[in-house]
Amino acid sequence: MFDINGHTKQLGIIGYPVEHTFSPAMHNFISDTIHNNYVYSAWCVHPDNLKNAIDGMRALGISGINVTAPHKVEVMKYLDVVTDVAKELGSVNTVVNRDGKLYGYNTDADGFCMALKKAGIEIKDSRILILGAGGVVRPTLIRLIDNGAAEITVVNRTKSKAVSLSEDILKCKNFKVNTEISSFDFDIVINTTSAGMEPQENALPIENIEEIDDLSFIGKHTAAVDMIYNPDETLFLKRAREQGAKTVNGLGMLIYQGIIAYELFTGVTLPEDMGERIKKEVFGR
């Protein structure tokens, strides 16, 4: 690790809770690797203290922060500028301090799409099935549409949530998201639920989704993607792999959204192989 001195600039992440985050290890590895005098910390910020935390960012001259749950929407009201992309996606996960003026960005969905591309998964003209309709799905949908997806279907155990999401996307992007499965011929299947993560390690994301009985439709021509990165291989990915599918977990999304954020924080363009280096040196993958 580089020496911290009077010239060291501060970066960090705020959330509640935040103790589980891998972001400090990742960002400090980047700074150390490229010899950039920035240090990255994690700060647990109660929702009642969010405005004070953002005011403190200005007062202390903190260069940038990542924002995680539950602050991604609420933080927008305390910023000077929210980019059009972040407004469209409906949340901010990256705040950059430029001479006391705070700019809000969203790098999550771009990080997800970049992770797919790095894994050799083509979004353009693809037929995509998304399992779940939680908060992460809306920005993901928008970016998949922007990247040329041909057809997208969203199914959820509470069907009304999928329908509401589809209506919202139709107004926002003039793109019809299906909420009924007419054919099981998908190129990419994405799990956005918590099924497979502790304490649901033995759960599949299709449980309680009436349209799907099993995962037999996933095969060697399908990419199975899970937004979960701990464990490395969920039961969903294990079943898909055993059936010949290409599988990708959520670690790439975490890494690439962080790389995009770091470049915004510092104005530095990182080496093309930085994602692979982080995966190997920080996460041992």
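Just so we're clear, the structure is a prediction, and the values are computed from it rather than from any experiment.

Thresholds, definitions, all that
Residues numbered from 1 in each chain as written. Predicted model: local features only at pLDDT ≥ 70, side-chain atom pairs only at ≥ 80, totals over all residues. Heavy atoms only, no water. Phe/Tyr/Trp six-rings, centres within 6.5 Å; stacked < 30°, edge-to-face > 60°. Helix = DSSP H or I, 4+ residues; strand = E, 2+ residues; numbered from the N terminus. Buried < 20%, exposed > 50% of the residue type's maximum accessible area, 1.4 Å probe, protein only. Lys NZ or Arg CZ within 6 Å of the ring centre and 35° of its normal. 1 Å grid on protein atoms, 1.4 Å probe; cavity = no way out; pocket = protein on both sides within 12 Å on 5 of 7 lines; lining within 4 Å. Points joined across faces, edges and corners; volume = space filled by probe spheres on them. Nonpolar A, V, L, I, M, F, W, Y, C, P; charged D, E, K, R; others polar. Core = buried A, V, L, I, M, F, W, Y, C linked by side-chain atoms within 4.5 Å. Contact = heavy atoms within 4.5 Å.

Would you explain the packing of aromatic side chains in this entry?
Where two aromatic rings form a pair, the distance of their centres and the angle of their planes describe that pair. One pass over the full model with this rule turns up four aromatic pairs. Taking 5.5 Å as the distance between ring centres and 70° as the angle between the ring planes, the aromatic pair formed by F22 and F283 counts as edge-to-face. Here F283 lies in the segment after α9 (274–281) and F22 lies in the loop between β1 (9–15) and α1 (23–34), a separation of 261 residues in the sequence. For F22, a relative accessible area of 33% gives the class partly exposed. Look at F283 and you get buried, because its relative accessible area is 10%. Positioned over the ring face of Y103 is R98, at 4.8 Å from the centre of the ring.

In this structure, what is going on with the layout of surface pockets? I would like to understand it.
In this approach, a probe sized like a water molecule rolls over the atoms, and the result shows the empty space that is left. In this structure, the second largest pocket spans a volume of roughly 260 Å³. Lining the second largest pocket are 15 residues, and of these T247, V248, N249, L251 and K279 lie nearest its centre. When contributions to the lining of the second largest pocket are tallied by element, the ones reaching two or more residues are α4 (108–118), β11 (246–248), α8 (251–266) and α9. If you tally residues by element for the lining of the second largest pocket, the top one is α8, at three residues. Residues of the lining of the second largest pocket, tallied by class, amount to six nonpolar, three polar and six charged.

Explain the nonpolar core here, please?
One recurring pattern in soluble globular proteins: nonpolar side chains tend to sit buried together. Core analysis: the biggest nonpolar cluster contains 30 residues, and I130, L141, L144, I152 and V154 have the highest contact counts within it. Of all the secondary-structure elements, those providing two or more residues to this core are α4, β7 (127–131), α5 (137–146), β8 (151–155), α6 (159–173), β9 (188–191) and β10 (223–226). Leaving out residues up to four positions away in the same chain, I152 has contacts with I128, I130, L141, L144, I145, F175, K176, V177 and N178.

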